[in-house]
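Residues per chain, in single letters:
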Amino acid sequence: AQLDVEDQIETRQSAFTFAAWNMGKIKAQVIDGSVAYNEQQILAAANAIASVANSGLGALFGPGTANDKNDNTRLKPVFFDKPEKAREVAIGFAQAATKLQEVAANGGGKGALAAQFSEVGKSCKACHDEFRAD
Ligand code: ASC
C-alpha cells in the first residue's frame, strides 16, 4: 500500500540515514583509515547501500512530500517539475551503488573500493545539489 505523506518522508529519511551510516563505515576503512580495513564489513556495508539504492525509493517521493507543503523535509518542490532529472539521479545512485557492491563482492581491493566509493558519493551529491534544500 502507498504510505501517507508523513510516512513517506519518515521512511525515506530512515533509508538515507541507514545508507549514510554504511557509507561512513566504508569511508572510515578505505578513505580515512581510521578503522581497520575489513573486506567482509565493507561488503556488508556495500550490500546495504545497494539495497537502499535499488529499493524503489521513488514510491517515497509522492505528491505533497516537498518542503513547500511539509516542514519535516528538505525536498525542494522543484523535484516535481523535473521528473527526468529525478529519475536520472536515482538511476545514478542505483548504478553506482550496485557497482560498489560488485567491487566489494569481487574483492576489488582498497584502491578500487575507494574509487567506486567516491562515485557513489558523487551520486548522493548530484541529488542533494538539485533537490535538497540546505
Ligand atoms: C555520504 C553522505 C552523504 C554523501 C555526500 C556525498 O557519505 O552521508 O550525504 O556521502 O556527502 O557528497
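Residues numbered from 1 in each chain as written. Predicted model: local features only at pLDDT ≥ 70, side-chain atom pairs only at ≥ 80, totals over all residues. Heavy atoms only, no water.

Participant: Can you break down the overall build of the protein residue by residue, with the values?
Facilitator: A tally of helices and strands in the protein yields four helices and zero strands. Secondary structure elements of the protein, listed N to C terminal, follow the sequence α-α-α-α. Computed over the C-alpha atoms, the radius of gyration of the protein is 16 Å, within 12% of the 14 Å expected from 2.2 N^0.38 for a compact globule of 134 residues. Each principal axis of the C-alpha distribution contributes one length, and for the protein these read about 45 × 30 × 25 Å. Burial status across the protein gives 35% buried among its 134 residues. Pairs at least 24 apart in sequence give 66% of the contacts found in the protein among residues at least 6 apart. For the protein, the exposed surface amounts to about 7,600 Å²; the carbon and sulfur share of it is 53%. (Helix = DSSP H or I, 4+ residues; strand = E, 2+ residues; numbered from the N terminus. Rg over C-alpha atoms; globule rule 2.2 N^0.38 Å. Buried < 20%, exposed > 50% of the residue type's maximum accessible area, 1.4 Å probe, protein only. Contact = heavy atoms within 4.5 Å. Areas by Shrake-Rupley, 256 points an atom, 1.4 Å probe, with all protein chains shown as cover.)

Participant: Lay out the packing of aromatic side chains with the relevant residues and their values.
Facilitator: For the structure shown, the criterion picks out five aromatic pairs. Ring geometry for Phe-18 and Trp-21: centres 5.9 Å apart, planes at 35°, overall tilted. Of this pair, Phe-18 and Trp-21 both sit in helix H1 (residues 5–32), three residues apart, which is roughly one turn of that helix. Relative accessible area serves as the criterion here: at 39%, Phe-18 is assigned to the partly exposed category. Members of the aromatic cluster, connected to one another through ring pairs, are Phe-16, Phe-61, Phe-79, Phe-80 and Phe-131. Positioned over the ring face of Phe-61 is Arg-12, at 4.4 Å from the centre of the ring. (Phe/Tyr/Trp six-rings, centres within 6.5 Å; stacked < 30°, edge-to-face > 60°. Lys NZ or Arg CZ within 6 Å of the ring centre and 35° of its normal.)

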